[in-house]
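Here is how the chains run, residue by residue.
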Amino acid sequence: MDAGLVYGRQRNGEKPGASGLVIPVEAEDTSAQAYGMLMNQVGSLTRDYDIDVEQLGLVVNKYDSRRGFIATSSLPKWKALGTPPELSVIPDVKEQREAVRVQRPLLDYAPESDQAHGMRQIVRGLA
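Residues numbered from 1 in each chain as written. Predicted model: local features only at pLDDT ≥ 70, side-chain atom pairs only at ≥ 80, totals over all residues. Heavy atoms only, no water.

A. Representation of the overall build of the protein chain in the model. When helices and strands are counted, the protein chain shows 6 helices and 3 strands. Along the chain direction, N to C, the helices and strands of the protein chain fall in the order α-β-α-β-α-β-α-α-α. Counting only C-alpha atoms and orienting by the principal axes, one finds that the protein chain spans roughly 45 × 35 × 25 Å. Carbon and sulfur atoms form 53% of the exposed surface of the protein chain, whose accessible area is close to 8,100 Å². (Helix = DSSP H or I, 4+ residues; strand = E, 2+ residues; numbered from the N terminus. Areas by Shrake-Rupley, 256 points an atom, 1.4 Å probe, with all protein chains shown as cover.)

In structure tokens form, the structure reads like this:
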């Protein structure tokens, strides 16, 4: 994990937003706990190595409101963070699992799926 975080650091002379972290999370409590641990780790690394690791945004992955209160109450909390911004909410729908099964990239297998549109939204949010 440390190596990945150091790799994502902002390099000398690099414009802000050119490097950093896109952080996948899920709309559930355990993901919030893992996010807190990640932020502690980022903080330690940035202090220890005197580097900047920018958080480019969050991607709420596998969201399904049918999972009930945990999902529906967690999503607004992720969106309310503000920093890093929420780049996209990727729904938990069948196309991703099907693409994995047939061993094809999602954007090739189901280019008009909700998930594919969410991935394009991530790119627009980073541009």
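Still more ground to cover, so stick around.
B. Main features of helix α3 (residues 69-80). Taking 1.5 Å per residue, 12 residues should reach 16 Å; α3 reaches 17 Å between its end C-alpha atoms and fits that length. Where α3 is concerned, the buried positions are A71, S73, S74, L75 and W78. Buried residues along α3 sit in contact with β1 (21-25), α2 (29-49), β2 (55-63) and β3 (86-91). Looking one or two residues past α3, G82 carries a phi angle of roughly 80 degrees, positive in sign. (Expected span 1.5 Å × (residues − 1). Buried < 20%, exposed > 50% of the residue type's maximum accessible area, 1.4 Å probe, protein only. Contact = heavy atoms within 4.5 Å.)

C. Representation of the environment of T30. As for its position among the elements, T30 is in helix α2. Using a relative accessible area of 47% as the deciding quantity, one classes T30 as partly exposed. Among the polar contacts made by the side chain of T30, one reaches the side chain of E28 at a distance of 2.4 Å. (Polar contact = N/O pair within 3.5 Å; in protein donor to acceptor, adjacent residues only side chain to side chain.)

D. Geometry of unusual backbone geometry. A cis geometry characterises the amide bond from T83 onward to P84, with omega recorded as 0 degrees. Tracing the chain through its elements places P84 in the loop between α3 and β3. Of note, the phi angle at D50 is positive, near 50 degrees, even though the residue is not glycine. For D50, a relative accessible area of 71% puts it in the exposed group. The phi angle at Q103 is positive, at roughly 55 degrees, despite the residue not being glycine. Within the fold, Q103 resides in the loop between α4 (94-101) and α5 (106-109). Judged by relative accessible area, which is 73%, Q103 ranks as exposed.

E. Summary view of the pairing of β2. Here β1 pairs with β2 via 5 bridges, running parallel. Residue pairing in the sheet places V25 in a bridge with V60 of β2. You can see the chain leave β1, run along α2 and come back into β2, and the turn it takes is right-handed. Strand direction decides the pairing type here: β2 and β3, joined by 4 bridges, are parallel. Bridge pairing in β3 places V59 opposite S88. After leaving β2, the chain enters α3 and then returns to the sheet as β3, a path that is right-handed. (Pairing = 2+ DSSP bridges. Right-handed = clockwise from strand over helix to strand, strands pointing away.)

Shape descriptors only; they carry no functional weight alone.
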